[in-house]
Structure formats: C-alpha cells, structure tokens
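Topology and contacts: notes
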Amino acid sequence: MPLLLGVGNVLTFHNILDMASIGLGFTIFIIAWFNTTQSNNNKFKVAGVAILFATLLDLIHLMSNTQMIKSDAAFNSFSLFVLARLIWSCALLYAVYLPAKLNGCKNTSLFYTLFIIMGILVINIAFSSDTWPNILSNDSNKSLITILLTAVVPDIAALYILRRHYANYITANRLQIALLFDILTDVGYSINTIAPFDLAFSIHIFKLLASFYMLQAVFRLVVKYPYEQLVNLKERLEDLVARNALLYKESEKQRNLVENALAKIGAIISSQLDLRDTLGSIADMVADMMNSSQSVIALITNDQTQLQVVATYGINTPPSLLPLQQSLGGQVIEKNKAMYLSDLSAQPDIFRPQLIFSNIRSIIAAPLINDGQIIGVIEVYSSETAAYDQHDALFLTALGHHAGAAIASAMLYEETKLRLEEEKFLSEIAQAAVSSIDTDTIIEQSTAHAVKALNGNIGIGLLLGDSRDFFRVTASINFACRIPDVTLSDYPQLAVLVNGLKPVTASAEVFKPITQSCDKMDIRHLMVLPLAVDQRLLGFILIGWQRSITPERLKRISFAKIMAQQIALGLEKAHLYNQVKSMALSDGLTGLANRRNFDMFLKTELRRAASLKRPLSLIMLDLDKFKNYNDTYGHLVGDKLLAQIGQILHNKVRNIDLPARYGGEEFSIILPECSSAEATVVAEKLRLTIEESHFPDNVGTFTAKITASLGIATYDPALTLCPPDTEKIISIADKSLYQAKQQGRNRVVSASILE
C-alpha cells in the first residue's frame, strides 16, 4: 500500500481508519448507555464507559499524531495509545460476562476469520517498502511494548473464558472474533515497532474490525436481542390469545353441554321417579352426550364385592356384572377419578361387553357419587381408538355427580315405594290368614300374595302332612305342571334349607320337580320360606324366578321373613281353631264325631237328601258282649278296644261319611248318597273287619276277639214322600240293631223307611 499511495497518503488513510475505529467506539458507548434499562442490568453502562474512555484516549493519540494537539514527545502520545489498548482489552474481558444465552442461534466458525487475518498479514508484508530492514536496529521504548503486549493477556483470558463457559451465548461468536482482532491489533503494534516491515495497514484494519465486531455484539445484545424478544413475546401473546379464544369456545361448548346435561337430569328427576326408567334415561343420555353408541351403569352391591349392571344402552346382550378387578370401572372406584383408555388392543385383559356388529376400542368411565360416596360407575364405549380425552373425563366426572344424585333420589323413592308395598302385602297376608280357618285356603292365598310381593314368576305352597317328613302340595301359582306331594328326605339339599327355619335363596336344582317339569319357564333360582311357629314347622313356600336374583331381591330377605311369620301365625291360628272345634265336636277317646256333631250332621244331611232327592242311610253298631270284655280285661283295655274300633270305622268309610260314637260301646255311621243295598255292603264289611281283627288283652298283646251287630235304616225319597225326622230314622236303625241282637248277634239287619 505505501508503494502505491506514498507516505503522506498512507498516514492519511491510517488516520481515516483510526477515525472509523474511534467512531465505532463512540457508537458502542451510545448504544450501551442509552439502550440499557433496569431490566437488562446497568453493568452494560460500566462496559460502555470503559470503551468510551479507551476511545477518548485513541482520539487524543490520533490528534497528537496529526499535530492537532501540541506535544513535546511522541512517547506521551504512544503511552496514551498503549493505555487505551489496555483499557479496551479489559472492557472486552468484562463484556464476556454480559451476554444473554443463545436462543436457537448457530455457532459461527472461526476458521474463516483466521483465514482473513492471514490474508491481510500476507498482503501487508508483501507490499511494504521496508520489508527486510534489520530488526535489531529498532530503538522503541521496550517498556511500552511490554505493556502493550500485556494488553493481550485480558484478551486471551476473555477468549478462553468465552470458549470454555459461554460458547452458546448469543453474542459469543462476535465477541470471539472481536477478541481475535484485538489480540492481533495489540501484537501487531508491538511487532511493528521492531519489525523490518510495516504492519500499520493490517493493524488499523484489525483494530477497525475489532471495533466493528464489538459493535455488532453490543448491538445484538442491547438492541436486536431485546427487539427479537419483544417480537417473540408478541407472537406468543398472539398465539396465547388465539389459544384462549379456542379454549373459550371449547369451554362454552362444554358449558352448554353440561347445562344441557343438567337440564336433562333435572327433567329426569322431576318427570319420573321410577328407578328403572331413571337408569335407562341416564344411560341413553350419557351415550348421546359422549357421542357414543354404548353405555353401562353399574351399582356397587351391599357387600362391596361386585358391580351390578342395572342399565345399558346399545348392548344386545348386556352383562349382569362388571368385574371389580378386570374392569375400568373397578379401577375408577379404586382411584376415585374418571379414567379412559384410548386403545384396548394394548390392554386385552380389560373387561368390555361383547358386541355383535362392532368391536369396542375405547372406554371411558367415571364414578357415580352421591353425598361424597361412590355408589357405582358409568362406562361409555366407542368403536374408534382415541375417542376420548381429558375434557371428556372432566365432563363425565361432573355428569357422574349429578347422575349419582338422580339415581340416589330414584332409589330412595323406590325404597319408600317398596316399603309401602310390603306393608300392603303384609296387610293382605294377615287378612287372608284371619279370614279363613281352612289351612289349604290360607296357604293358597298367601302363596299368591308372596309371589306378587317378591316379583316372583312361580309359587308353590306345601303343608305338613301326617308325618314330619311328608308335605302336601296345596297351592301352585303360575305353574301349570302337577307336582306330587313331597317326602322331604328325598331332597337332602331342600331339607337342609327348610329345616333351617328361615328364608333363604338357592338354585332351583335343590328341588328337581321344578327344573324337570313339563313347564318351559326355565326357573333358575328359588327362595325357600319355611313356615314355623316356636320352632315347629307347619309347611313352606317356594318362590321361583326365571332370572338370577338381583341384589334388590336379596335385600328383601328380612321382608320375606316377616311375611313367612305372618303366614305361619295364620296357619297356627287355624290349626288351634280346628283343634278346639274338633274337641267340641269329636269324641276324645276314639277321635270320631261325638253325639252333638252326629245330631247336627244327621239333621243337615236329612234336609239335603230331601232337597236333592238323594238317599241317605244310617248304620247303628253295637259291640257284642262288651261288658264281658271289660270284666275280663279291665276298663283301660276296654278303652283301647273302643279306640281301635274308632280307627276301623274311620278307615273303612268314605270321606263324605260321618262315623260317630253314639254312646258307650254303641257307634253310628251317617252315609249320604247311599242306598239300602250299598249301606248293607258297608255294614257287612265293617262287621267282617271287626270279627277278623285282634284286640288288646290284659297282658299287652293283641289276642282278644269281639264281634258287632249292626242295624241299618235308609231314607229313600223315591219310596217315601215325607222325609223322617232325626228321631225316627235313629229309632228305625235301633230296631234293626235290636233284631240283629235277637237273631244271634254278629250280623247285619237292614230296614227302609216307607212312611
């Protein structure tokens, strides 16, 4: 360059470069001072002041060299220059700690900068006019050169710190380049004083570039970076506003959805209180609001071990239970929060209902809560994966609280309604028990009431028979097949339940006649209601269901127990009444009708025979030589004989006949609908049975024998216009009996009433 421009031109060009560097220094100060705020720290001002001081010293040095300021020695001017370089280096070292962190900026390679530096040095040396003077002839001040070289130390330290600790800061690249040029400037000035070539041009270029890159770093840090931050903040605020607007729309949608849901739940609560209708409406509403095709509502059973499915929507074959361990509903109850599964293929063990035309791929569930207590769960299903998200979970949670309250209200109404119905049925059963003294009628009416009260499909009532193991079937409700009388020992499982003397549920298999009958009702479960008073079994009732017994029915065991007690008390009352009546109208020794019962029955039957124009016969029976029997064996044995005769008469006549003890050893049998010939056959059969029977003796064996004479009187409306009175027919039968005695005893004599 000096070869082309001359010495004066070079000095002028150097001055221009120095002035440019000084201008950059002032610019750096202005930017650092006036763009520094409290938020980005006043330390920038300290660095700016240091750069300003160094720039002022450079300016004085320049003015001294151009004779703009009079100076006695060049040393003073050079000393100011050296001090300026030292302050500048320290300012750069201080500036290393100020930059903000890198926000997505890429590191700039230093190789291009080094290449430019080497190029400048080569050009400077090649075109210098003093390239090869003797280097030892230099007489510059070595102390100032040492100080100038010392200024390189802060630059090297700053470069090391920057590369080691702050390499990713936003101004790191420009500061590194500025430090390199600053080092080259200081080293160049030092070498230029003793070198045989002129490096002034390169030094001024390096100094200018150092100031330029320092200006870029300060501008980037103080002006551009805050501006970019503001732009990014503006963009984020705009994005936040847009997202808030979207969230507002979504919240409005959710609010409208919740309001719609609450309105529907309110309508359900106000319009219907039936539990089944409420559950069905909620299941339908939940599926509709969740844009799903299937839903299930399940309630926790009393023992907290099962989830009983009480309502479904869109499921052809709904499950009866949700397993607590393998279902999402069970997990929801355990964690007390809504949950959802986006892809069931990854969790094949989770229970889901079986559909016919599609597969369930997503599930969401939430607890049903009333007064802070979980009473059940809602499960909603979708055939699409990822059909539900957290917003759906929040919505279903809110819906679960309100639906739980609605279900609890319906359950309370149902419970109240059930209790009123129970009181009604208990009243009806009590009325049936006191309105009749016939045990068959009581058990038939009570069985019908019990089936209705327990929502059963069938009912069978049985009464205790002649032995403790035998029971007569006296009532059959809604069961078309004939069931034979039951010997309880033939059904061991049923015997255990009946002898437990308290209502209990069991499988229908405990009583095979129901499951193997001709009826196609497919009864699966039974409730056994033993009818007992004071641990005495009077009978039992079987209630059958076609489906499994629900928890609601199981909860009614206590009601069934009260109902069974009412029925049993009614049966006991009828038994007691019939016993008292029997004691009043029967003979205590033989068990046959007594004289009073005989007179009432004979009078009634004579009136009936005359009205219906049907015959009526009367047999009078007297034991032959009964006095001799008493004298031989004693009166106690005689009483046993009379009791045995009573048993023979009871077994050998028809159900419509009335055998009676007329008095002493004399008996009578009233035979409605019986002609003289038929009565003779009956009398002859009785005579022959008595003759062939063995009776007790006084040694406890049955070796004694006795015979009987029988007289018959028959009223036949076809032969007699006017019916006889009771005295007349008894008198005629007595005469026939007397004739039998006169003819030798042990025979039958018959007579008809002709007048």
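Conventions adopted
- Residues numbered from 1 in each chain as written.
- Predicted model: local features only at pLDDT ≥ 70, side-chain atom pairs only at ≥ 80, totals over all residues.
- Heavy atoms only, no water.
- Helix = DSSP H or I, 4+ residues; strand = E, 2+ residues; numbered from the N terminus.
- Buried < 20%, exposed > 50% of the residue type's maximum accessible area, 1.4 Å probe, protein only.
- Phe/Tyr/Trp six-rings, centres within 6.5 Å; stacked < 30°, edge-to-face > 60°.
- Axes fitted to C-alpha atoms, helices over the stretch in contact; angles between N-to-C directions.
- Parallel < 35°, antiparallel > 145°, perpendicular 65-115°, else oblique.
- Contact = heavy atoms within 4.5 Å.
- Nonpolar A, V, L, I, M, F, W, Y, C, P; charged D, E, K, R; others polar.
- pLDDT = per-residue confidence, 0-100.
- Arc of directions from axis to C-beta.
- Pairing = 2+ DSSP bridges.
- Core = buried A, V, L, I, M, F, W, Y, C linked by side-chain atoms within 4.5 Å.
- Patch = residues over 30% accessible without salt bridge, like charges linked within 9 Å, V, L, I, M, F, W, Y side chains within 5 Å.
- Areas by Shrake-Rupley, 256 points an atom, 1.4 Å probe, with all protein chains shown as cover.
- Salt bridge = Lys/Arg side-chain N within 4 Å of Asp/Glu carboxyl O.
- Expected span 1.5 Å × (residues − 1).

Assigned secondary structure in the protein consists of 21 helices and 17 strands. Split into buried and exposed, the 755 residues of the protein put 45% on the buried side.

All right, on to the packing of aromatic side chains then. Considering all chains together, one arrives at eight aromatic pairs under this definition. With a centroid separation of 5.1 Å and an interplanar angle of 65 degrees, the aromatic rings of Phe471 and Phe540 are classed as edge-to-face. Within this pair, whereas Phe471 is found in strand 8 (residues 470-477), its partner Phe540 is found in strand 12 (residues 536-545), the two being separated by 69 residues in sequence. Each member of the pair, Phe471 together with Phe540, is buried. With centroids separated by 5.5 Å and ring planes inclined at 85 degrees, the aromatic side chains of Phe598 and Tyr662 adopt a geometry described as edge-to-face. Placement of Phe598 in helix 17 (residues 595-612) and of Tyr662 in strand 14 (residues 658-663) is noted, with a sequence separation of 64 residues between them. A residue is classified by how much of its surface remains accessible, and Phe598, at 1% relative accessible area, is buried. With relative accessibility at 16%, the residue Tyr662 sits in the buried group. Members of the aromatic cluster, joined through ring pairs, are Phe181, Phe206, Phe212 and Tyr213.

This part takes up the packing of helix 18 (residues 626-633) against helix 19 (residues 635-652). Working note: a packed helix pair is described by the angle between its axes plus the distance between those axes. The geometry of helix 18 relative to helix 19 is characterised by a closest axis approach of 7 Å and an angle of 130 degrees between their N-to-C directions. Considering the angle they form, helix 18 stands oblique to helix 19. Along its contact with helix 18, which presents Phe626, Tyr629, Asn630 and Tyr633, the element helix 19 presents His635, Val637, Gly638, Leu641 and Leu642. Residues that form the contact of helix 18 with helix 19 fall into these classes: six nonpolar, three polar and no charged.

Before going further, it helps to spend a moment on the confidence of the model for the protein. Residues of the protein with pLDDT of at least 70 account for 79%, and the chain-wide mean is 77. Confidence drops under pLDDT 50 across residues 1-10; counting only partners more than four residues distant or on other chains, this segment forms nine contacts.

The set of residues buried in helix 18 consists of Phe626, Tyr629 and Asn630. Buried residues of helix 18, seen end-on, are gathered within an arc of 95 degrees and therefore sit on one face of the element. Across helix 18 from its buried face, at more than 90 degrees, point the exposed residues Lys627 and Asp631. Buried residues along helix 18 sit against strand 13 (616-623) and helix 19. Once helix 18 finishes, Gly634 follows within two positions and takes phi at roughly 100 degrees, a positive value.

Attention now moves to the pairing of strand 1 (residues 294-300). By the criterion of burial, strand 1 is predominantly enclosed, with seven of the seven residues buried. Residues of strand 1 alternate between two faces, with Gln294, Val296, Ala298 and Ile300 on one and Ser295, Ile297 and Leu299 on the opposite face, all of them buried. Direction of pairing for strand 1 relative to strand 6 (residues 373-382): antiparallel, over a ladder of six bridges. Counterpart to Leu299 in the pairing with strand 6 is Gly376. Across six bridges, strand 1 lies against strand 2 (residues 307-313) in antiparallel orientation. When the bridges of strand 2 are listed, Ala298 appears paired with Val309. Remark: six residues form the turn of the hairpin made by strand 1 and strand 2, two consecutive strands paired antiparallel; Gln304 in that turn has positive phi of roughly 60 degrees.

Right, let's talk about the sheet that holds strand 7 (residues 458-464) for a bit. Read across the sheet, six strands follow the order 9-8-7-12-11-10 without closing on themselves; strand pairing throughout is antiparallel. Sheet topology places strand 9 (486-487) and strand 10 (504-507) at the edges, where each strand pairs with a single neighbour. Summarising the sheet, strand 8 and strand 9 pair through two bridges and their orientation is antiparallel. Within strand 9, the residue paired with Phe470 across the bridge is Thr487. Contacting strand 7, strand 8, strand 11 (525-533) and strand 12, helix 12 (residues 439-453) crosses the sheet at an angle of about 50 degrees to strand 8.

Counting 29 residues, the largest nonpolar core has Ile28, Ile51, Trp88, Leu179, Met214 and Val218 as the members making the most contacts within it. Those elements that provide at least two residues to this core are helix 1 (2-34), helix 2 (43-65), helix 3 (74-95), helix 6 (152-165), helix 7 (172-192) and helix 8 (200-271). No other element matches helix 8, which puts nine residues into this core. Beyond its immediate sequence surroundings of up to four residues, Val218 is in contact with Ile28, Ile31, Ala32 and Val223. Judged by nonpolar contacts, the second largest core, of 28 residues, contains Ile442, Ile443, Trp545 and Ala574.

What follows concerns the side chain of Ser668. Here Ser668 shows up in strand 15 (residues 666-672). Not counting residues up to four positions away in its chain, the partners in contact with Ser668 are Phe598, Leu618, Ile619, Met620, Leu658, Pro659, Ala660 and Tyr662.

On the surface, Ile30, Trp33, Phe34 and Val49 cluster together to form a nonpolar patch covering roughly 390 Å² of accessible area. Among the elements that take part in the nonpolar patch, helix 1 stands out by supplying three residues, more than any other. If you trace the backbone, Phe34 turns up in helix 1.

Glancing now at the pattern of salt bridges. Under the counting rule described, the total for this entry stands at 14 salt bridges. Of the charged contacts, one joins Lys234 and Glu238 as a salt bridge, the two residues approaching to 2.6 Å between their closest N and O atoms. Of the two residues, Lys234 and Glu238 both sit in helix 8, four residues apart, roughly one turn of that helix. Its relative accessible area of 48% is what places Lys234 among the partly exposed residues.

Attention now goes to helix 20 (residues 676-692). The end-to-end C-alpha distance of helix 20, which contains 17 residues, comes to 24 Å, matching closely the 24 Å that a straight helix rising 1.5 Å per residue would cover. Buried within helix 20 are the following residues: Ser676, Ala679, Ala683, Leu686, Arg687, Thr689 and Ile690. Projected down its long axis, helix 20 carries its buried residues within an arc of 165 degrees, all on one side. Exposed residues on helix 20 whose side chains face more than 90 degrees from its buried face are Ala677, Val681 and Glu692. Buried-residue contacts for helix 20 involve strand 13, helix 19, strand 15, strand 16 (708-715) and strand 17 (748-752).

In space, the six strands of this open sheet follow the order 3-2-1-6-5-4, with antiparallel pairing throughout. Both outer strands of the open sheet, strand 3 (321-322) and strand 4 (339-341), are each paired with one neighbouring strand and no more. In the packing of helix 9 (residues 275-289) onto the sheet, the strands contacted are strand 1, strand 2 and strand 6, and the crossing angle to strand 2 comes to about 65 degrees.

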